[in-house]
Amino acid sequence: MRRRLLALLLSMALCAVVLPATAEAAPLAKPDLAPTPPMGWNSWNTFACEINEALIRDTADAMVSSGMAAAGYEYVNIDDCWMAPQRDAGGRLQADPTRFPSGIKAIADYVHARGLKLGIYSSAGSHTCQGLPASLGHETVDAQSWASWGVDLLKYDNCGEQNGIPATTRYKTMADALQATGRPILYSICEWGQNQPWLWGANAGGHMWRTTGDIANNWSSVMSLLDQQVGLEQYSGPNAWNDPDMLEVGNSGLTYAESRAHMSLWSIINSPLIAGNDLRSMPASTRDLLTDPDVVAVNQDWAGRQGAKLRDDGDVEVWSKKLSDGAAAVVLLNRSPNVTTISTTAAALGLPAASAYTVKELWSNAVRASAGNVRAQVGAHDAAMFRVTPGAAADVAPMVVPEAVPTKAYVSTAGRVDVQTQLHNDGPTAVTGAQISLTAPAPWTATPDGPSQLGTVGAGQTGSVTWHLAANQPALGPVALTTNASWTWDGSSQSTSGAGRFVVANPPAVGSTTLSDGPWVFADNGWGPVERNMSVGEQAAGDGKPLTVAGTVYPKGLGTHAPGRVGYFLDAQCTQLTTKVGIDDEVGDRGEVQFEIWGDGTRLAQAAATGAGGAVTLNANLTGVQVVELVVDPKGSPDFDHADWLAPELTCVGTPPPAGRSKLADRPWTSMSNGWGPVERNRSNGEQPAGDGMPLTVAGTVYPSGLGAHANGSITFHLGKRCSTLTTKVGIDDEVGDRGQVRFEVWGDGARLAQADAAGTGAAVPLTADLTNVTTLELRLDGAGSIDFDHADWLNPEVTCS
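Note that the structure is predicted; figures quoted are calculated from it, not measured. (Residues numbered from 1 in each chain as written. Predicted model: local features only at pLDDT ≥ 70, side-chain atom pairs only at ≥ 80, totals over all residues. Heavy atoms only, no water.)

**Let's talk about the state of the cysteines**
Then, number 1: Counted by the stated rule, this structure contains four disulfides.
Then, number 2: Shown here is the disulfide that connects Cys574 with Cys652, its sulfur atoms set 2.0 Å apart. Judged by the sign of its S-S torsion, about 85°, the cystine formed by Cys574 and Cys652 is right-handed. Taken together, the positions of Cys574 in strand β33 (residues 574–583) and Cys652 in strand β38 (residues 642–652) put the pair 78 residues apart, joining distant regions of the chain. Just as Cys574 is buried, Cys652 falls in that class too.
Then, number 3: Here Cys723 connects covalently by a disulfide to Cys801, the sulfurs 2.0 Å from one another. Measuring the twist about the S-S bond at about 80°, one finds the Cys723-Cys801 disulfide to be right-handed. Highlighted residues: Cys723 in strand β46 (residues 723–732) and Cys801 in strand β51 (residues 791–801), separated in sequence by 78 residues. (Disulfide = S-S within 2.5 Å. Helix = DSSP H or I, 4+ residues; strand = E, 2+ residues; numbered from the N terminus. Buried < 20%, exposed > 50% of the residue type's maximum accessible area, 1.4 Å probe, protein only.)

**Digging into the sheet that holds strand β32 (residues 564–569)**
Backbone hydrogen bonds are what pair the strands of a sheet, in a parallel or an antiparallel way.
Then, number 1: The five strands lie next to each other as β27-β32-β37-β34-β35, forming an open sheet whose pairing is antiparallel. Pairing within the sheet leaves two strands with one partner each, and these edge strands are β27 (522–524) and β35 (602–610). Shown here is a sheet whose adjacent strand axes are inclined to one another by a mean of 15°, direction ignored.
Then, number 2: The pairing of strand β34 (residues 592–599) with β35 spans eight bridges and is antiparallel. The partner of Ile597 across the bridge, within β35, is Ala605. (Pairing = 2+ DSSP bridges. Axes fitted to C-alpha atoms, helices over the stretch in contact; angles between N-to-C directions.)

**Some thoughts on the nonpolar core**
Nonpolar side chains in soluble globular proteins tend to end up buried together.
Then, number 1: The biggest cluster of nonpolar side chains holds 94 residues, and the ones touching the most others in it are Ile78, Trp82, Ile104, Trp146, Met263 and Trp266.
Then, number 2: When residues of this core are assigned to their parent elements, the largest contribution, six residues, is made by helix α6 (residues 167–180).
Then, number 3: What Ile104 contacts, discounting residues up to four positions off in sequence, is Ile78, Trp82, Ala95, Leu118, Ile120, Trp149 and Val151.
Then, number 4: Leu664, Val736, Val774 and Cys801 belong to the second-largest nonpolar core, a separate cluster that totals 32 residues. (Core = buried A, V, L, I, M, F, W, Y, C linked by side-chain atoms within 4.5 Å. Contact = heavy atoms within 4.5 Å.)

**Description of unusual backbone geometry**
Then, number 1: In this structure, Pro443 follows Ala442 across a cis peptide bond, with omega equal to 10°.
Then, number 2: Within the fold, Pro443 resides in the loop between β20 (431–439) and β21 (445–448).
Then, number 3: Of note, the phi angle at Ala550 is positive, near 50°, even though the residue is not glycine.
Then, number 4: A positive phi is found at Asn682, a non-glycine position, where the angle reads about 60°.
Then, number 5: With respect to the element layout, Asn682 can be found in the loop between β41 (680–681) and β42 (696–698).

These results come straight from atomic positions and should not be treated as a statement about function.
As structure tokens, then:
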């Protein structure tokens, strides 16, 4: 399938027939070509239609020289665009004369000479996804051509006109044609999971079948395809493999950590390992990911059990697989943008009880002994992979894991955060003389709250030290922490390090803020980057259009694509998010998305939208929330899920005043209205320009602190129920002489708490109010007549808070 050409499918008749496995009379006899998941390479992910015979030959050479062939990779697969635009006079497919002038048989001979196998591509419709001749109605002649050329694998796609023929019939017809040639050809059904091929693919002659739409070169796509594998374990086994699509390992859209997680997960779920990178120029790091012998061995284990999700804690998941030798493989997956520690147990992995277990970390090859816990610190968008075996030799060192855990993942520029360093001894014996340290980059300083010597940490125990971190005006962005631990075991000194991370960020400004105008702290998107004030468009940044849903254009918002999420740091300073959500008109009436607002790991609001409908209103109470996430999840295939957050507006109130007495003139207000010009801090109202007032003066007395306002007006402050008393004086500023008359009122949460009248002919008047349990304080001014000279001063206004 080619994602952006799925419009070709609109003319297709729906394939509504789904046959359960029991509906077929007898399984089709097929060659025993895939007793373990197939391994190889495919041209599409990196090269798409930019292919030719030189590329295929060079890739075959690279597969051998890189060591991939020795690791088990054997198929060199040519995807779409290999064929000429027309069949020959005899109705046979022919190779594109420009791209493959020597013909496919010559390529097959070249590949075979290197001990490899050649794969070819077609589609179970009138044309391929790129509009070239395909095989519906030509199954026999095409199968004969491929067999005569020496083809070893067919990837059979699902594009083109299908004449109302059910998928089960179209795919079985090709299987029969392949078998009739007498050549063993591995059959890859690429039906995209639309008709649940895991129920009928084996009986239709398939060796593997796609369970999903196409993979994209980004983390969100990899995670989305992984999610679609849950529950399919029972349909996978020798010669019958679930296929969540090719690997993007080593491609530019994934970080090294994301590629490692991708490889770990595709291995444990028994996916066919079909590389999609450029083998000719891949760095050693990519080669090592693709060929790691222990990881590949998990995928190729002869028992053929597909791994399954064991635990799902949101961003943290545990996947496991029983192996033929009685061991268990496990992947600890961290989907979040922050480093975290993940653990499971031997019992949860289904292993028998034992006094100790041998735990091998497959990527590092480190071997440790555990009393039953399997724990690792896992970086953002990364995974750790282990083989766990009952029993451990006495000379295997215990599994010890240090970590640094900040009390908050996101902190403000106030430059204060506590971090707990922990040393987990998961081994079957104690360690002695343990100590732990914490290192933070400048300008952060770390001070331990007590000694950093841990002494003896028993088997299954954890030692910890709390550190106070401080910095003066720290820079925005991530702060990487390192914790170093050392201990003694069996007379030898041992050490290791762990990590931690938090992010310094600014919360939104007080008042009303449009989210698309502010910085996010993380963003994952299913297709291309998240776009500000435009639709998501395609994969390039900035290629979207004006946000438009049901014909209405919205000037502000976020263009996203399911599955995805965008996170903002609020620092508990905001109270409300209001937005509309919908599927952008750029995909017509297609797409269906679940929109969700999450606060600190709790779902606060949700709404579904489809491309056939209009925008839907969504609101969430954000009181006390540190980090808000805007989440979009597909409700079916994500191919057209261009999900818009329209006019997302935050209402933020700032932080409550600190304990003690605070001058209101030094505090941010949450809203302000004024009868003449802006409210001024520590000066009179003056005229209309900001900052044009004079020292606050009433009846000849100058006041250094206060608010220069003008009736009619209002100033509100966020107190958060932390304050008890307001004290102030009020009066008409001398800058208007003896004119003006104003009523000063103090309101709390919509109730009037105190009031006083003042005139230009009088002195300042004291005013106090009880603020117990008040969330929002309002200082209100009302004119008693004409407001022309109502220059009203709040003099030395202070709140007392706890």
